[in-house]
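# Descriptive structure summary
Each chain is listed here by its residues.
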Amino acid sequence: MKQTDNMIKAEPGKCFRRKIDGVVFGDEIYLGTTYYLDGIKLEKPIQERPDDFEEIDIGVKTEENN
């Protein structure tokens, strides 16, 4: 993973999954403030950090695509 200011980029062939809820993103994320998780508004927004995400292989199966 490479970080530049508020952007993180995954290694080739990988994408990101948010650890707290398992949502899969692309290979590039602009970090910011999250106000909703699973469509539910959070009482207190959270500031995203690179540690909130994990790199996974693009072909990994998830509940959404099984």
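This is a predicted model, so every value here is computed, not measured.

## Some details on the pattern of salt bridges
- Tallied over the full model, the rule gives 7 salt bridges.
- With a closest N to O distance of 3.0 Å, Asp57 and Lys14 form a salt bridge. Remark: Lys14 occurs in strand 3 (residues 14-18) and Asp57 occurs in strand 7 (residues 53-57); sequence separation between them is 43 residues.
- Of the residues examined, Asp57 reaches a relative accessible area of 41% and is grouped as partly exposed.
- For Arg18, the salt bridge goes to Asp21, with nearest N and O atoms at 2.9 Å.
- Through salt bridges that share partners, Lys9, Asp27 and Glu28 make up one connected network.

## Regarding unusual backbone geometry
- Backbone geometry places Asp5, a non-glycine residue, at a positive phi of 50°.
- Judged by relative accessible area, which is 71%, Asp5 ranks as exposed.

## Describing the side chain of Arg18
- Structurally, Arg18 is set in strand 3.
- In this structure the side chain of Arg18 is engaged in a polar contact, spanning 2.9 Å, whose partner is the side chain of Asp21.
- Sequence-distant contacts of Arg18, defined by excluding residues within four places in its chain, comprise Val23, Phe25, Thr34, Leu37, Glu48, Asp52 and Phe53.

## Concerning the nonpolar core
- Residues Ile8, Ala10, Phe16, Ile29, Leu31 and Phe53 constitute the largest nonpolar core, which totals 6 residues.
- Dropping the residues within four chain positions of it, Ile29 is found in contact with Asn6, Met7, Ile8, Phe16 and Phe53.

## Focus on the environment of Pro50
- Topologically, Pro50 is positioned in the loop between strand 6 (40-47) and strand 7.
- Taking the C-alpha atoms as reference, Pro50 lies 7.7 Å from Leu31; in sequence the two are 19 residues apart.
- If near-sequence neighbours (up to four positions away) are discounted, Pro50 is found in contact with Met1, Gln3, Ile8 and Leu31.

## Describing the environment of Asp21
- Of note, Asp21 is situated in the loop between strand 3 and strand 4 (28-30).
- Each C-alpha atom, one on Asp21 and one on Asp38, is 7.6 Å from the other, the two residues being 17 residues apart in sequence.
- In this view, Asp21 contacts Leu37 and Asp38; residues no more than four positions away in its chain are not counted.
- Polar contacts involving the side chain of Asp21 include one to the main-chain amide nitrogen of Val23, which spans 3.3 Å.

The rules behind these values
Residues numbered from 1 in each chain as written. Predicted model: local features only at pLDDT ≥ 70, side-chain atom pairs only at ≥ 80, totals over all residues. Heavy atoms only, no water. Salt bridge = Lys/Arg side-chain N within 4 Å of Asp/Glu carboxyl O. Helix = DSSP H or I, 4+ residues; strand = E, 2+ residues; numbered from the N terminus. Buried < 20%, exposed > 50% of the residue type's maximum accessible area, 1.4 Å probe, protein only. Polar contact = N/O pair within 3.5 Å; in protein donor to acceptor, adjacent residues only side chain to side chain. Contact = heavy atoms within 4.5 Å. Core = buried A, V, L, I, M, F, W, Y, C linked by side-chain atoms within 4.5 Å.

From the geometry alone we can't say anything about function, so treat these as descriptive.
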